[in-house]
Amino acid sequence: MIELIPAALKDEILPGEFIIPDALKVKSDFELSLLNLERDDNGKLIIHKDDCSDKEGYRLEVNENSINIYAGEEIGAYYALQSLRQISRYELGSRTVPCCKISDKPRFKWRGLQLDESRHFFGKEEVKRLLDMMFMMKLNVFHWHLTDDQGWRIEIKKYPLLTEIASKRDFTHIGGWGSRKIKNEPYSGYYTQEDISEIVDYAAKRGIMIVPEIDFPAHCAAAIAAYPWLACREIKTEVPGYFGGIIPEKVFHIKDWNRTICAGKDKTMEFVFDVIDEVCSLFPAPYFHIGGDEAPKDEWKKCPCCQQKMKEQNLKNEEDLQGYFNNLIFSHLKEKGKRLIGWNEILAAGNLDKTVIAQYWTPKRDKNAERHVNTGGNMILSNHQAFYFDMPYGQYSLKNTYNYTPENFGVNKENVKNVMGVEGENWTEWTDGREKLDLMLYPRVQALAEVAWSPAEKREWNNFKKRLDNFKDYFNLMNINYAVDKVSMPAGVFNRLKINRLFRNGDTYFEVKLNKEYRSKGEK
């Protein structure tokens, strides 16, 4: 068994081993600026530019005299090097590589991971640390959730109040969905446009495309606090620190925090386009995520501007008003060579352009989403039960992620071809730093990578588990606070219920504390 995550398309262990010299030199047809090895025409690591049907595919052949990599493009060569990195275990002190042949390419083109930085802000170095692991796992899309009700995290030069006001809140809800507790301290943070460009470049060098999410028309409370005229009713509001569930006592009076921006005002649409224009100038990806989920429409029903717009456009209801709103954004993005992505709730509008990309997340089956993908629409799969990495392992264990299949969520077998790929989501209402973020992500990211990259017939839980045990030395090397088996795969219904009850009612760090206890006892 080749100790590799994600598992390769084809692999074969051969007799013998290659002994890594003290100064391994490389001969390469690619520049490979990230590869810090001396170049030499007689190098034992030889990287060939070769015809390859898949731009991310590669072949890796190790014999006793040399290591040969064949790839059609630079990213394929990098992925081969990441595979070599794992099977050699050079960073862990090994000086040998087993002779082998690997032929590999990805199952899905979209292999994504999302980080929400509205609820909690992590900063450049943490994002780069995450990108490094994505690179190792051959994940190629970083979905960056930069705005939401609780904070606006990207500089927009035309609208400076988005960082002066909307990036700050006075308090933060803590303790889980059933908690009334707050942390009564100011919280803030945002990325300058220079920061964004730095991270986009860092990701691109590792074959990772960054797709921004700027939420419209809902999840805009922070923006509305900065520019009240964006809403149907122009009233003064604060950036909420409340995340949902039971309302903390301090915020009983904040009845107007969960509002959509006005879909009827031309001025609002001008703001949306201005923001999109600045964001698009920073992100070269041919995709733009607008969220579009959980959009309350109570104010639209009473707003003269919204009702007038519905009458002018002959829209039958407020769902179609959101469809009209989204179609305007769709057309604006199309002119820029970009495609619109939205969460699957946007499909409720009967007038939405059929070529939008839907991202299917909801825990309950969505007939609109299933109809979309089964009639030719493109879809990204982030189904809650498998890919919501902010949920406790007591609710969704590691097996939930690893055993994922599109067919179990309404995608007909013949229409899996319409699925662009899969993506893990890490919402950060209850994740405020590295220790918790690591625990929620790892080893779920390794399971995600295998679902995204490896052919379905190659996936087998017990085999993966053995390779994951081998990989944990890398977690330790990288100082990653991964979830040990007893946390990521909790045994017994009673134990799982206890974890979920504590998570929702006051102790969102219970698994973190449990993990520390197990690791102190030598658990892996």
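Residues numbered from 1 in each chain as written. Predicted model: local features only at pLDDT ≥ 70, side-chain atom pairs only at ≥ 80, totals over all residues. Heavy atoms only, no water.

Enquirer: Requested: an account of the overall build of the chain, with residues and values cited.
Expert: Counting its secondary structure elements, the chain contains 18 helices and 20 strands. In terms of C-alpha radius of gyration, the chain reaches 24 Å, essentially the compact-globule figure of 24 Å for 524 residues. Counting only contacts in the chain whose residues sit at least 6 apart along the sequence, the fraction spanning at least 24 positions is 73%. Here the chain displays about 21300 Å² of accessible surface, and carbon together with sulfur accounts for 49% of that area. Seen as two clouds, the 75 positive and the 78 negative side-chain charges of the chain have centres 4 Å apart. (Helix = DSSP H or I, 4+ residues; strand = E, 2+ residues; numbered from the N terminus. Rg over C-alpha atoms; globule rule 2.2 N^0.38 Å. Contact = heavy atoms within 4.5 Å. Areas by Shrake-Rupley, 256 points an atom, 1.4 Å probe, with all protein chains shown as cover. Lys, Arg positive; Asp, Glu negative; His and termini not counted. Charge placed at Lys NZ, Arg CZ, Asp CG, Glu CD.)

Enquirer: Tell me about the packing of aromatic side chains, residues and numbers included.
Expert: Taken as a whole, this structure holds 27 aromatic pairs when the rule is applied. Between Y159 and F271 the ring centres are 4.7 Å apart and the planes differ by 65 degrees, which places this aromatic pair in the edge-to-face class. Taken as a pair, Y159 in the loop between β10 (151–152) and α3 (161–164) and F271 in helix α6 (residues 266–282) lie far apart in primary sequence, 112 residues in all. An identical accessibility class is assigned to Y159 and F271; each is buried. Through successive ring pairs, a cluster of aromatic residues spans F121, F142, W144, Y191 and F283. Here the basic side chain of K267 rests over the ring of W229, its NZ or CZ set 4.3 Å away from the ring centre. If you follow R444 out to its NZ or CZ, it ends over the ring of Y393, 3.9 Å from the centre. (Phe/Tyr/Trp six-rings, centres within 6.5 Å; stacked < 30°, edge-to-face > 60°. Buried < 20%, exposed > 50% of the residue type's maximum accessible area, 1.4 Å probe, protein only. Lys NZ or Arg CZ within 6 Å of the ring centre and 35° of its normal.)

Enquirer: I'd like a description of the layout of surface pockets, backed by residues and values.
Expert: When its volume is computed, the largest pocket comes out at roughly 840 Å³. In terms of lining, the largest pocket is formed by 28 residues, of which the most central are L35, L81, Q82, R85 and E91. Of all the secondary-structure elements, those providing two or more residues to the lining of the largest pocket are α1 (74–88) and α2 (124–136). Per-element accounting of the lining of the largest pocket gives the leading share, six residues, to α1. A breakdown of the residues in the lining of the largest pocket according to their chemical character gives 19 nonpolar, three polar and six charged. Around the second largest pocket, the lining is made up of 22 residues, and of these R119, W177, E294, W361 and E429 lie nearest the centre. Residues belonging to the lining of the second largest pocket are distributed by class as follows: eight nonpolar, five polar and nine charged. (1 Å grid on protein atoms, 1.4 Å probe; cavity = no way out; pocket = protein on both sides within 12 Å on 5 of 7 lines; lining within 4 Å. Points joined across faces, edges and corners; volume = space filled by probe spheres on them. Nonpolar A, V, L, I, M, F, W, Y, C, P; charged D, E, K, R; others polar.)

Enquirer: Outline the pattern of salt bridges, listing residues and values.
Expert: Considering all chains together, one arrives at 41 salt bridges under this definition. For E126, the salt bridge identified is with R129, shortest N-O distance 3.6 Å. With a gap of three residues between them, E126 and R129 both fall in helix α2, about one helical turn apart. Of the two residues, E126 and R129, both sit in the buried class. Notably, a salt bridge pairs K205 with D201, separated by 3.3 Å at the nearest N-O pair. When its relative accessible area of 42% is taken as the criterion, K205 is described as partly exposed. The class for D201 is partly exposed, based on a relative accessible area of 39%. Where salt bridges share partners, they join K124, E125, K128, D195 and E198 into one cluster. (Salt bridge = Lys/Arg side-chain N within 4 Å of Asp/Glu carboxyl O.)

Enquirer: Tell me about empty space enclosed by the protein, and name the residues and values.
Expert: One pass over the structure, following the stated rule, counts three cavities of 30 Å³ or more. Its boundaries defined by the atoms lining it, the largest cavity holds a volume of some 60 Å³. What lines the largest cavity is simply L115, E126, V127, R129, L130, L437, D438, L441 and Y442. Of all the secondary-structure elements, those providing two or more residues to the lining of the largest cavity are α2 and α13 (434–441).

Enquirer: Account for α13, with residues named and values stated.
Expert: The buried fraction of α13 amounts to six of the eight residues, a majority that puts the element mostly inside the structure. Every buried residue of α13 is accounted for by K436, L437, D438, L439, M440 and L441. The elements touched by buried residues of α13 are β7 (110–116), α2, β20 (419–426), α14 (444–453), α17 (493–504) and α18 (510–520).

Enquirer: Can you break down the packing of helix α8 (residues 304–312) against helix α9 (residues 318–335) residue by residue, with the values?
Expert: Orientation of α8 relative to α9, taken along the N-to-C sense of each, is 80 degrees, at an axis distance of 10 Å. Accordingly, the angle class assigned to the pair α8 and α9 is roughly perpendicular. For the pair α8 and α9, the contacting residues are C306, Q307, K309 and M310 in the first and E318, L321 and Y324 in the second. Its residues assigned to classes, the contact of α8 with α9 shows four nonpolar, one polar and two charged. (Axes fitted to C-alpha atoms, helices over the stretch in contact; angles between N-to-C directions. Parallel < 35°, antiparallel > 145°, perpendicular 65-115°, else oblique.)

Enquirer: A description of the sheet that holds strand β4 (residues 58–62) should follow, citing residues and the corresponding values.
Expert: If you trace the six strands from one edge of the open sheet to the other, you get β1-β6-β4-β5-β3-β2, paired in mixed fashion. Edge positions in the open sheet fall to β1 (10–19) and β2 (26–28), since each of these has one partner strand only. Sheet twist, expressed as the mean angle between neighbouring strand axes with direction ignored, is 15 degrees. Direction of pairing for β1 relative to strand β6 (residues 96–104): antiparallel, over a ladder of seven bridges. Paired with E17 across the strands is P98, a residue of β6. Lying over the sheet, α1 contacts β3 (45–49), β4, β5 (67–71) and β6, oriented at roughly 40 degrees with respect to β4. (Pairing = 2+ DSSP bridges.)

Enquirer: Help me get a handle on the pairing of β7, residues and values and all.
Expert: Looking down a regular strand, the side chains alternate between one sheet face and the other. Burial analysis of β7 places seven of its seven residues in the buried class, the great majority of the element. Side-chain alternation along β7 places W110, G112, Q114 and D116 on one buried face and R111, L113 and L115 on a second face that is also buried. In this structure, β7 lies alongside β20, joined through six bridges in parallel fashion. Among the inter-strand pairings, G112 is bridged to a residue of β20, identified as E423. The pairing of β7 with strand β8 (residues 141–145) spans five bridges and is parallel. The residue bridging G112 from the neighbouring strand is V141, located in β8. Between the parallel pair β7 and β8, the chain is carried across by α2, and the sense of this crossover is right-handed. (Right-handed = clockwise from strand over helix to strand, strands pointing away.)

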